[in-house]
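Read off the chains here:
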Amino acid sequence: MTSNERVIDVTDLRRVYGDGKRGTFEAVRGVSFSVGRGELFALLGTNGAGKTSTVELLEGLAAPAGGQVRVLGHDPRTERDLVRPRIGVMLQEGGFPNELSVLETTRMWAGCTSGARPVDEALEMVGLTGRAPVRVKQLSGGEKRRLDLALALIGRPEVLFLDEPTTGLDAEGRQETWNLVRALRAEGTTVLLTTHYLEEAEELADRLAILHEGRIAAAGTVDEVVAAQPSHISFELPQGYFVGDLPPLDRLGVSGHEVVGATVRLRTAELQRAATGLLVWARDAGVELRRLDVRGASLEEAFLRIARDAKQEAAPRGGVREKEMAL
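Residues numbered from 1 in each chain as written. Predicted model: local features only at pLDDT ≥ 70, side-chain atom pairs only at ≥ 80, totals over all residues. Heavy atoms only, no water.

Engineer: Explain the pattern of salt bridges to me, please; I cannot follow it from the model alone.
Structural biologist: Working definition: two side chains of opposite charge can pair if their charged atoms are close together. Counted under the stated rule, the structure contains 21 salt bridges. Between arginine 135 and glutamate 99 there is a salt bridge, with the nearest N and O atoms lying 2.7 Å from each other. A residue pair is termed long-range when its members are at least 10 positions apart, and arginine 135 in the loop between helix H4 (119-125) and helix H5 (141-153) and glutamate 99 in the loop between strand E5 (87-90) and helix H3 (102-111) qualify at 36 residues. For arginine 135, a relative accessible area of 38% puts it in the partly exposed group. As a salt-bridge pair, arginine 145 and aspartate 148 come within 2.7 Å of each other at their nearest N and O atoms. Taken together, the residues arginine 145 and aspartate 148, both in helix H5 and three residues apart, mark about one turn of the helix. (Salt bridge = Lys/Arg side-chain N within 4 Å of Asp/Glu carboxyl O. Helix = DSSP H or I, 4+ residues; strand = E, 2+ residues; numbered from the N terminus. Buried < 20%, exposed > 50% of the residue type's maximum accessible area, 1.4 Å probe, protein only.)

Engineer: What's the story with H3 in this structure? I'm lost.
Structural biologist: Each full turn of the α-helix corresponds to 3.6 residues, which orients residues three or four apart in the same direction. Of the residues making up H3, those classed as buried are Val102, Thr105, Thr106 and Ala110. When H3 is viewed along its axis, its buried side chains cluster within an angular range of 130° and face the same direction. Turned more than 90 degrees off the buried face of H3, the exposed positions are Arg107 and Gly111. Packed against the buried residues of H3 are H4 and H5. (Arc of directions from axis to C-beta. Contact = heavy atoms within 4.5 Å.)

Engineer: Looking at this structure, I do not really get the environment of lysine 51. What am I missing?
Structural biologist: Relative to the helices and strands, lysine 51 is located in helix H1 (residues 51-58). In this structure lysine 51 touches Leu43, Leu44, Gly45, Thr46, Glu164, Thr194, His196 and Leu211, once residues within four positions along its chain are discounted. A distance of 3.0 Å separates the side chain of lysine 51 from the backbone oxygen of glycine 45, its partner in a polar contact. (Polar contact = N/O pair within 3.5 Å; in protein donor to acceptor, adjacent residues only side chain to side chain.)

Engineer: I keep staring at the packing of aromatic side chains and nothing clicks. Help me out?
Structural biologist: Aromatic rings considered in pairs are described by the distance between their centres and by the relative angle of their planes. What the rule picks out here adds up to three aromatic pairs. With 4.8 Å between their ring centres and 5° between their planes, phenylalanine 33 and phenylalanine 41 make a pair best called stacked. Judged by its relative accessible area of 8%, phenylalanine 33 is buried. Between phenylalanine 96 and tryptophan 109, the aromatic rings sit 6.1 Å apart at their centres with planes inclined by 80°, giving edge-to-face as the arrangement. Of the two residues, phenylalanine 96 is situated in the loop between E5 and H3 and tryptophan 109 in helix H3; the sequence distance between them amounts to 13 residues. Against the face of tyrosine 197 rests arginine 174, its NZ or CZ located 4.2 Å from the ring centre. (Phe/Tyr/Trp six-rings, centres within 6.5 Å; stacked < 30°, edge-to-face > 60°. Lys NZ or Arg CZ within 6 Å of the ring centre and 35° of its normal.)

Engineer: Looking at this model, I keep getting lost on the sheet that holds strand E11 (residues 254-260). Mind explaining?
Structural biologist: Whether parallel or antiparallel, the strands of a sheet pair through hydrogen bonds between backbone atoms. Reading across the sheet, the four strands line up as E11-E12-E10-E13 and stay open at both edges, with antiparallel pairing between neighbours. Of all the strands in the sheet, just E11 and strand E13 (290-295) have a single pairing partner and so form its edges. Taken pair by pair, the neighbouring strands of this sheet meet at an average axis angle of 15°, ignoring direction. Looking at chain direction, strand E10 (residues 231-236) and E13 are connected through four bridges and run antiparallel. If you follow isoleucine 233 over to E13, its bridge partner there is valine 294. Sheet strands in contact with helix H9 (residues 271-285) are E10, E11, strand E12 (263-268) and E13, and its direction is about 20° off that of E10. (Pairing = 2+ DSSP bridges. Axes fitted to C-alpha atoms, helices over the stretch in contact; angles between N-to-C directions.)

Structure representation (structure tokens):
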């Protein structure tokens, strides 16, 4: 990817909270990635991983403690006047005046936006046309998220930041939002997405990064991130049989195993080879593998493994840990 193709370019980005007198906390610790034009890049991570802290730096809402960020070739904070008209931002909470109607809110926002879409078009895009006269305070949580999205889109952004865009939406609303995001991406809009829904990242992302304690723990396409995780085979052996009765596990391509009661669990990066060898052995030995479960690696597995490793490594840090979880 050349510099001209990189719409978002992040190098060794750092963010620190605190003034040093009462201690400091480094929420973003040397993050680097780039996003190409028309690409959807997803940032995933457990609570406190640094997702929102990172995105706020990209949006120009705060200055980094170190490193560099460029959006459309400019510093989003010091060159805000060159960046802000070309981006759309959907925050986790919009904070709109409750007494204004949906239509009034959208008109107000359009009046502050250069080259704004027609208000009716913006509301139609997110399915709020029929709710135009309703006051914001009367909207459901999902409808407020749709209004947030309409206002993020009203300026026809080249780069769109979506922070948990489908929180509060029902299944139909989530699918409609996904379809809208796909259409925007097909038109050339670059999208940076944060989400807790792994299915959402699998459905939409061209590439993604999983953050852990302010650092990127895994990155790449969904397939690349998933390929780094082992697949699993679990089963119960009949009474009188043991793991030692199986073919040599290394010959099956098994990288590790564990036995819990009567259940045997195998880990492998070669699922077909391992499953075939196991089933051929069972057939020839006349053995029934009860509760057989063959499961390929998944994005959920990758995410949970990183979260699980984080729990095992983390030690109680009192107030510092509490601060981290709030970011």
